[in-house]
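Coordinate inspection notes
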Amino acid sequence: MRVAVSFAGVVKRFGAFIALDGISLDIGAGEFFGLLGPNGAGKTTLISCLAGLARPDEGRITVLGHDVERDYRTARRLLGIVPQELVFDPFFSVRETLRIQSAYFGLRRNDDWIDEILHHLDLSDKADTNMRRLSGGMKRRVLVAQALVHRPPVIVLDEPTAGVDVELRQGLWRFIRRLNEDGHTIILTTHYLEEAETLCGRIALMKRGRILALDSTANLLARFSGHALVLKLAAGQSLPALLQPYCRAVRGDEVELALERLDALEGVLATLRQAGVGVADLRLQPPDLEDVFMRIVGLPEATP
Amino acid sequence: MSGHGSGFAALFQKELLRFWRVAFQTVAAPVLTALLYLLIFSHVLEADRRIHGVPYTAFLVPGLVMMAVLQNAFANSSSSLIQAKVTGSIIFVLLPPISHAAFFWAFVAAAALRGLVVGLGVWLVTLPFVQVWPAQPLWALLFALLGGACLGAVGVIAGIWAEKFDQLAAFQNFLVLPLTMLSGVFYSIHSLPPFWQAVSHYNPVFYMIDGFRHGCFGVSDVAPLQSLAVLAASFAALALLTLSLLKRGWKLRT
Ligand SMILES: Nc1ncnc2c1ncn2[C@@H]1O[C@H](COP(=O)(O)OP(=O)(O)OP(=O)(O)O)[C@@H](O)[C@H]1O
Ligand SMILES: [Mg+2]
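Only a predicted model underlies this, so the values are computations on that prediction, with no experimental measurement involved.

Definitions and limits used
- Residues numbered from 1 in each chain as written.
- Chains lettered and ligands numbered in written order.
- Predicted model: local features only at pLDDT ≥ 70, side-chain atom pairs only at ≥ 80, totals over all residues.
- Heavy atoms only, no water.
- Pairing = 2+ DSSP bridges.
- Helix = DSSP H or I, 4+ residues; strand = E, 2+ residues; numbered from the N terminus.
- Axes fitted to C-alpha atoms, helices over the stretch in contact; angles between N-to-C directions.
- Contact = heavy atoms within 4.5 Å.
- Buried area = accessible area lost by both parts, 1.4 Å probe.
- Salt bridge = Lys/Arg side-chain N within 4 Å of Asp/Glu carboxyl O.
- Polar contact = N/O pair within 3.5 Å; in protein donor to acceptor, adjacent residues only side chain to side chain.
- Nonpolar A, V, L, I, M, F, W, Y, C, P; charged D, E, K, R; others polar.
- Domains from an automatic or database assignment.

**Re the sheet that holds strand 10 (residues 210-216) of chain A**
Residue and element names in this part refer to chain A. With respect to topology, 6 strands assemble into an open sheet ordered 6-7-8-3-9-10, the strand pairing being mixed. Edge positions in the sheet fall to strand 6 (79-82) and strand 10, since each of these pairs with one other strand and no more. Direction aside, neighbouring strands of the sheet carry axes that sit 15° apart on average. Lying on the sheet, helix 6 (residues 166-181) is in contact with strand 3 (32-36), strand 7 (154-158) and strand 8 (185-189); it crosses strand 3 at an angle near 125°.

**Observations regarding the interface of chain B and chain A**
Frequently, the measure chosen for interface size is the accessible area that the parts lose on association. Taken together, the contact between chain B and chain A spans 32 residues of the former and 27 residues of the latter. Summed over both partners, the interface of chain B with chain A comes to about 2700 Å²; 60% of that surface belongs to carbon and sulfur atoms. At the boundary of chain B and chain A, one finds 1 salt bridge. With a closest N to O distance of 2.6 Å, R21 of chain B and E96 of chain A form a salt bridge. Where chain B touches chain A, the interface holds 13 residue pairs in polar contact (both at pLDDT 80 or more). Those elements that provide at least two residues to the side of chain B that touches chain A are helix 1 (8-21), helix 3 (56-87), helix 4 (91-94) and helix 10 (224-248) of chain B. Broken down by element, the side of chain B that touches chain A gets its largest block of residues, 8 residues, from helix 1 of chain B. Looking at side-chain class alone, the side of chain B that touches chain A contains 14 nonpolar, 12 polar and 6 charged residues.

**Considering the domain arrangement of chain A**
Domain boundaries in chain A define domain 1 (3-222) and domain 2 (226-286). For domain 1 of chain A and domain 2 of chain A, the distance between their C-alpha centres works out to 43 Å.

Structure below.
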């Protein structure tokens, strides 16, 4: 695997507070990688260290082999960063903003690519509008466009879809997916877990500056989630004691059982029959990332 | 230093565009202020007073021009940086591969240029009232450029240091304004008591104005070469300091 981004033992402190507690992680070229975790986990801080906006206290970060501190100019050329904060320069129009950003990367005649980005992000008719006159979702899309002007091989999106409506979110993902298919490495943070589940091939789950889980999306789902069996018991009946250990949640007259494997279903039904408990309704839920997330992030703190 | 693709040209152009877009505030307003100074001071002070053999109103013009150059150079870099920091748009220049040197020179050059534009404006509007034709225009231009560059660099430091607009205002009101006002804009230091004359010689801004005045009248309080040496040394010191701060990412990169 050719490594696109490598974090090796990255520690970042703010005073006494440890925001990144020794992050080591390699992301391969061409991956669609998800960085998930609750608020304050350290996702943005990690991205800031990668982008050179923050300086790690320990450890080393490289982009396609280029150290982000010693070889910062090459590293930054290889990176496109969509920041989490909605920022803009109120002096300029959308097109001017993109032209200026291109020029910072040494690109003087970039209008063809700028037009293409504007088209894919559905901003063509706003090209000559001043940044101040855009809606929040439009400003967010301009941030995406700004990150792409220099066609960076590694694209980092820090919650790019916050505040973007459903239709445009689909459009944005089509575009990012296409970039990924063309060989760009994508690193994404998002709080929309369905998004991460459908897009990301591999996921790191962070909490309090550490990586709690790192695996392919499929493996994470299989390892930590499994299917859930939702049962609606006949009126007045309760779950047999034998099945209590598998109970994950009770919602009104529904109980949710965890099934590690699908063939455990037969055993559950047999137990219910033997206990004489009637079932009014039943359905199977496929594994989902939210479930994995809750389970891993909800784990008690591991003591170092 | 600022070779091809370092980002200098792009950042410089963007900085020019920024102040030119709001030229009414950044150029017209300071020109008007300087004109008011000229009218008030020349009216209040007796008309037949002469300094260095020059009528007072004429003596005032180079001081006002240079004050405009210096204050606007400072305002340009400092306000651009604080604004970008407060709104967060500073990341647009922190993410690209712009070298420290290119960053420094772009802000300083744009600041000096804004200073020159405003200074030129001040000179033009004073022409109907009092005609000062520079005796040695190249000296005048050199001092205006170097002075603007110095204050542009001070503006870069102040803009990076300040976290809020009022901190920047304090920097301007308690440092930049007194240094320019007390540097002989409105008087020749020979008219001061000996103690204050001596103090003035420690104020680099004094040499900027005195050197510029030499360019205008061919006479000055100190020799122009001495002023030039002081300015060149001041700018070199400011440049080295600013570059090392930028290299360290002081207050810009956490
Ligand atoms: N400049 C800073 N100074 C002090 N503490 C900071 C700074 N930046 C971040 N932190 C702290 O570091 C921790 C991680 O913050 P970070 O922004 O990386 O979280 P995140 O995972 O991106 O969260 P979110 O999902 O809310 O965006 C938080 O506790 C935050 O308060
Ligand atoms: Mg964040």
